[in-house]
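# Summary of the model geometry
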Amino acid sequence: MAQLDDLPPLRDVIAAHGLDARKSLGQNFLLDLNLTSRIARSAGSLEDCTVLEIGPGPGGLTRALLAAGAKKVVAIEKDSRCLPALAEISARYPGRLEVVEGDALKLDPVALTGGGNIRIAANLPYNVGTQLLLNWITTPDWPPFWSSLTLMFQKEVGERITAPPGSKAYGRLGVLAGWRCKGGILFDISPKAFTPPPKVTSAVVHLTPNPAPLPCELTALERITAAAFGQRRKMLRSSLKALSPEAEQLVEQAGIEPTARAEEIDIAGFVNLANVFRAAGAV
Ligand code: SAM
């Protein structure tokens, strides 16, 4: 197994600090240094950037990011039991690791990192991972404050983020991510690599901002996709009726068959729908 630094092995860190994993915090720790290094390398060149890490836990990925040369890592951790272990990493890499205790859903990432070139990398807690991703891809300003996202999710969530039209996994998340980002799943990670092992396979997703998403108002696209996929088995002329009694004509005006279903519509189609419904004052 790779030797990243002269800090104790993660298993010893977990034992020394009594970090028994808590399900309520989505704690499945990744102890395989080959994998943490692979994730860190997947994040791209780190020398000139600040990496925002969510949920460092005992610090496996944090150590890999620092060993890979990250200029600075700002890590948000909700579990105060992890702070002493993380302080040992800070001492090993003076001035390069800032640990913030708190809930990543409630903290402002721009204020914490101070702006600049920010990459986000994390083995995300399963219970808040999708919401964090949605927050990052639906920032009002675009391009956003981050230049890349390298994130581990349950594989099923990774597939929803990167799903093409027509697939079972295609939905709201795939449309929003596909509209604003480029990228995909880089590799899977077996449950066996974690302590404790989760029930399902994980996947590492890498996304970069699409510099020129098709012109469309974010809120319009969010409302159209929520209505369309909220009743994904229905034809659009029915599922979008809640937004406008003229739904059938508006769908036609967007160049789409009113009998089509949400999962058949590609991102350009949803953008057309959002723009036509917005112009009609329906979203
Ligand atoms: N990065 C470590 C690793 O790869 O082994 C731990 C990953 S574990 C899947 C998720 C981590 O996120 C845990 O350390 C947990 O305490 C933390 N966490 C859970 N909810 C959080 C939240 N809302 N904000 C910040 N950290 C959170």
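Residues numbered from 1 in each chain as written. Predicted model: local features only at pLDDT ≥ 70, side-chain atom pairs only at ≥ 80, totals over all residues.

## Observations concerning the site of the ligand
Inclusion rule: Placing a C-beta atom from the backbone of each residue, we mark the residue near a molecule or strand if the atom is within 6 Å of it. Each helix is a run of H or I in the DSSP string that is no shorter than four residues. Each strand is a run of E no shorter than two, and both are numbered from the N terminus. Asp, Glu, Lys and Arg are counted as charged, while Ala, Val, Leu, Ile, Met, Phe, Trp, Tyr, Cys and Pro are counted as nonpolar; the rest, among them Gly, fall into the polar class.
Lining the immediate surroundings of the ligand are 23 residues, of which Gly-55, Gly-57, Ala-104, Asn-123 and Pro-125 lie closest. Breaking the shell around the ligand down by element, the ones donating at least two residues are strand E1 (29–30), helix H3 (60–67) and strand E3 (72–77). Class assignment of the residues belonging to the shell around the ligand gives a composition of 12 nonpolar, 7 polar and 4 charged.

## Observations concerning the environment of Phe-277
Heads up, the rule is: Exposed residues have 12 or fewer other C-beta atoms within 10 Å of their own C-beta, buried residues have 20 or more, and residues in between are partly exposed; the C-beta atoms are placed from the backbone. With C-beta atoms placed from the backbone, a contact is any residue pair whose C-beta atoms sit within 7 Å.
Its place among the elements puts Phe-277 in helix H12 (residues 267–279). Overall, the presence of 25 C-beta atoms within 10 Å leaves Phe-277 in the buried class. Linking Phe-277 and Ile-224, residues 53 residues apart in sequence, is a C-alpha distance of 8.1 Å. Among all residues touching Phe-277, those that are not within four sequence positions of it are Ala-220, Ile-224, Leu-243, Ser-244, Leu-250, Ala-282 and Val-283.

## Topic: the packing of helix H7 (residues 155–162) against helix H8 (residues 172–180)
Put simply, the rule is: Only C-alpha atoms enter the line fits that serve as axes; for helices the fit covers just the stretch in contact. Angles between N-to-C directions range over 0 to 180 degrees. By the definition adopted for this analysis, an angle is roughly parallel if under 35 degrees, roughly antiparallel if over 145, roughly perpendicular if from 65 to 115, and oblique otherwise.
Relative to each other, H7 and H8 sit at 55°, their axes nearing to 6 Å. Considering the angle they form, H7 stands oblique to H8. For the pair H7 and H8, the contacting residues are Arg-160, Ile-161 and Thr-162 in the first and Leu-173, Gly-174 and Ala-177 in the second. A breakdown of the residues in the contact of H7 with H8 according to their chemical character gives 3 nonpolar, 2 polar and 1 charged.

## Comments concerning the domain arrangement of the chain
Spelled out, the test is: For the purposes of this description, domain bounds are those given by an automatic or database domain assignment.
Assigned domains within the chain: domain 1 (10–209) and domain 2 (218–279). One C-alpha centre belongs to domain 1, the other to domain 2; they are set 33 Å apart. Opposite the 10 residues of domain 1 that make contact, domain 2 presents 12 residues.

## Describing the confidence of the model for the chain
Inclusion rule: Across the chain, each position has a pLDDT score giving the predictor's confidence in that residue, from 0 to 100.
For the chain, the average pLDDT comes to 96, and 99% of its residues sit at 70 or higher. Reported confidences for the modelled complex are a pTM of 0.96 and an ipTM of 0.99.

## What about the sheet that holds strand E5 (residues 118–123)?
Operational definition: Being paired, for any two strands, means DSSP has found at least two bridges between them.
In space, the 7 strands of this open sheet follow the order E4-E3-E2-E5-E6-E9-E7, with mixed pairing throughout. The sheet terminates laterally at strand E4 (97–101) and strand E7 (181–189), the two strands that pair on one side only. Averaged over all neighbouring strand pairs, the angle between strand axes comes to 20°, with direction disregarded. Pairing of strand E2 (residues 50–54) with E5, which is carried by 4 bridges, proceeds in the parallel orientation. Bridge pairing in E5 places Leu-52 opposite Ile-120. Strands in contact with helix H6 (residues 129–137) are E2, E5, strand E6 (146–154) and E7; relative to E6, the strand with the most contacts, it is inclined by about 160°.

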